[in-house]
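# Residue-level structure breakdown
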Amino acid sequence: MSTRARLLPWPGENGQRSYLVSGDGHSYLSTLANEMEEAQLQTGGTLLDHAAAMLREDRVSTRELRFLSAQLTEALRDALRVAESRGSRLPSPDDAVPVTETHPVTDP
């Protein structure tokens, strides 16, 4: 059973970080967090495509660029949170399975 805390992809009630401690990572809240992370990353990709298209245009207003910048900032914040959450759940070197000696297989 894992006792590592998982950073959730949404802020708490007052904007603070929210964590989940779950045994197997298959709880309802873990599944919901996985789905939310996926949606956040997809949204970021869509925004990035939209930004590239807008920047190819000659006539983009300052207001449009400000709005896009705000949306990209939020998407980047979400992506960094997902990366931090997933990175903290990677096994540490101490948790790794020991490597055993292997021998190459050759054909007779």
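What this report covers is the structure whose coordinates are included nearby. (Residues numbered from 1 in each chain as written. Predicted model: local features only at pLDDT ≥ 70, side-chain atom pairs only at ≥ 80, totals over all residues. Heavy atoms only, no water.)

What follows is about the overall build of the protein. Secondary structure summary: the protein contains two helices and two strands in total. Burial statistics for the protein: of 108 residues in total, 20% are counted as buried. Taking the contacts inside the protein whose residues are at least 6 apart along the sequence as the reference set, 55% of them involve residues at least 24 apart. Surface exposure of the protein reaches about 8700 Å², of which carbon and sulfur atoms provide 56%. (Helix = DSSP H or I, 4+ residues; strand = E, 2+ residues; numbered from the N terminus. Buried < 20%, exposed > 50% of the residue type's maximum accessible area, 1.4 Å probe, protein only. Contact = heavy atoms within 4.5 Å. Areas by Shrake-Rupley, 256 points an atom, 1.4 Å probe, with all protein chains shown as cover.)

Applying the stated criterion across every chain yields a total of four salt bridges. Ionic pairing is found between R86 and E37, a salt bridge with its closest N-O pair at 3.0 Å. Residue R86 is located in helix α2 (residues 62-88), and its partner E37 is located in helix α1 (residues 28-56); the two are separated by 49 residues in the primary sequence. Its relative accessible area of 37% is what places R86 among the partly exposed residues. (Salt bridge = Lys/Arg side-chain N within 4 Å of Asp/Glu carboxyl O.)

With five residues, the main nonpolar core is built from L47, A51, M54, L68 and A75. Looking at this core, the elements with two or more residues in it are α1 and α2. For this core, the element with the most residues is α1, which contributes three residues. The contacts of M54, once residues within four sequence positions are left out, are V60, E64, L65 and L68. (Core = buried A, V, L, I, M, F, W, Y, C linked by side-chain atoms within 4.5 Å.)

Assignment of secondary structure puts Q40 in helix α1. Here Q40 falls in the buried class, since its relative accessible area comes to 9%. At a separation of 2.9 Å, a polar atom in the side chain of Q40 contacts the main-chain carbonyl oxygen of P9. Those residues in contact with Q40 that sit more than four places away from it in its chain are P9, D78 and V82. (Polar contact = N/O pair within 3.5 Å; in protein donor to acceptor, adjacent residues only side chain to side chain.)

On to the packing of α1 against α2. Packed helix pairs are characterised by how far apart their axes lie and by the angle those axes make with each other. At a closest axis distance of 9 Å, the pairing of α1 and α2 adopts a crossing angle of 145°. In the packing of α1 onto α2, the handedness of the crossing is left-handed. In contact with E37, Q40, L41, G44, L47, L48, H50, A51, M54 and L55 of α1, α2 contributes E64, L65, L68, Q71, L72, A75, D78, A79, V82, S85 and R86. (Axes fitted to C-alpha atoms, helices over the stretch in contact; angles between N-to-C directions. Left-handed = near helix turned anticlockwise from the far one by under 90°.)

Here we come to a nonpolar patch on the surface. Judged by side-chain polarity, Y28, L29 and L32 come together as a nonpolar surface patch covering roughly 310 Å² of accessible area. Looking at where Y28 falls in the secondary structure, it is placed in helix α1. In this structure Y28 comes out as exposed when scored by relative accessible area, which is 68%. (Patch = residues over 30% accessible without salt bridge, like charges linked within 9 Å, V, L, I, M, F, W, Y side chains within 5 Å.)

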